Amino acid sequence: MRITGIHTGEIQIPLARPFKTALRTVERVEDIVVRITAENGMVGYGEAPPTAVITGDTKGSVLCAIREHIAPALTGMDILALEEVMERLHHAIKGNTSAKAAVDMALYDLWAKVIGKPLYQLLGGYRDTIETDLTISVNPVPQMVADSLAAVQEGYRVLKVKVGKEGMADIPRIAAIREAVGPDIRIRVDANQGWNVKDSIRIITAMEDKGLDIDLVEQPVAARDIDGMAKITQAVYTPILADESVFSPLDALELIRRGAADLLNIKLMKTGGIHEAIKICDMASLYGVECMMGCMLESKLAVSAASHLCAAKGIVTRADLDGPSLCSVDPFQGGPAYDGAMIRMNDTPGIGITSVPCDFT
């Protein structure tokens, strides 16, 4: 079953409210969409958000990588020879993980459609329902408390609270949210590299002393500060989740070997897609290190691909797959069903997306 065409398009979706972290403020999803066609007319879809501040990828670099390097390398290959196709994809160009991720998920989508089964079942089929958290953006404390209460009223039992801009002031911020939502809601804290090592230990220890019962703290310091991550992990009781520090299986191995994180956050835009993410899952399983499946500011298309991997693997025990919930509209047809905090996997072949409203060139 030969690949006959790889085409790209663009999609814009307004967010329900601005997305604010220690690194950036975003008001809309502006993503590149990929469509891969087989000789029998079947198509697979993928998506990439250019996130220069994290992956280094821009809209121009994603489009160039796909059009000038990846598409010529893969056109004519047999989609059923998936390992060979993936090897060619990852050797077509260095870096460019977001471009590779968009093509990778389109390839997996098409592959599963040709076989005739939902992707998550082919990848392991561990579960068919996922519970995701919801992100609470950095804002003045009263707004964050109000947003947290609204999320709980909508049925979310896990909140991921963005911090990292104001150091020790993040302690009363989290305390106010904990007091408002009560003891039964799980709170995750994401600093997005916004603290230094000393402040991280002081802040996390203070939250522990106050009994704020934090589920985890995500990426407290700079991505490449593995020594700092290790010091923090070893100094506090709260689990530390590595995010920007882990792009590749080699990164994951280094973090595990050095005891620099208790958990690993897998995102397809960092790994270059499902193929490399599976390697991280397998390594984490070997060492008994639990994982979270996360996403960037992605729409339902890319998040659905991540959901299929999340549903497939038992080592993925946490989900941060709220991208569709942050969007003001859902322009796609098909795929997993997103009902507040619950994601229910599709029983149709592939990722399940059947219609993507954009022009492909």
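These figures come from a predicted structure and were not determined experimentally. (Residues numbered from 1 in each chain as written. Predicted model: local features only at pLDDT ≥ 70, side-chain atom pairs only at ≥ 80, totals over all residues. Heavy atoms only, no water.)

## Let's talk about the overall build of the protein
On a plain count of helices and strands, the protein comes out with 13 helices and 16 strands. Taken over C-alpha atoms, the radius of gyration comes to 20 Å for the protein, in line with the 21 Å a tight globule of 361 residues would show. Taking the principal axes of its C-alpha atoms as reference, the protein extends roughly 60 × 40 × 35 Å. A total of 361 residues make up the protein; the buried ones form 59% of that total. (Helix = DSSP H or I, 4+ residues; strand = E, 2+ residues; numbered from the N terminus. Rg over C-alpha atoms; globule rule 2.2 N^0.38 Å. Buried < 20%, exposed > 50% of the residue type's maximum accessible area, 1.4 Å probe, protein only.)

## Some points on helix α12 (residues 300-312)
Side chains three or four residues apart in an α-helix point the same way, a direct result of the helix having 3.6 residues per turn. Look at α12: 18 Å from first C-alpha to last across 13 residues, which is about the 18 Å you get at 1.5 Å a residue. When you tally the buried positions in α12, you get 13 out of 13 residues, the bulk of the element. (Expected span 1.5 Å × (residues − 1).)

## Some details on helix α7 (residues 197-209)
Here α7 contains 13 residues, and its C-alpha end-to-end distance of 18 Å stays within 8% of the 18 Å for a straight helix at 1.5 Å per residue. Residues of α7 that are buried include every one of V197, S200, I203, I204, A206 and M207, and no others. Those residues of α7 that are buried are in contact with α6 (170-181), β8 (214-218), α8 (226-235) and β9 (240-242). Capping the start of α7 is the job of one residue whose side-chain oxygen sits 3.3 Å from the backbone nitrogen of K198: N196. (Contact = heavy atoms within 4.5 Å. Polar contact = N/O pair within 3.5 Å; in protein donor to acceptor, adjacent residues only side chain to side chain.)

Geometric values such as these leave the question of function open.
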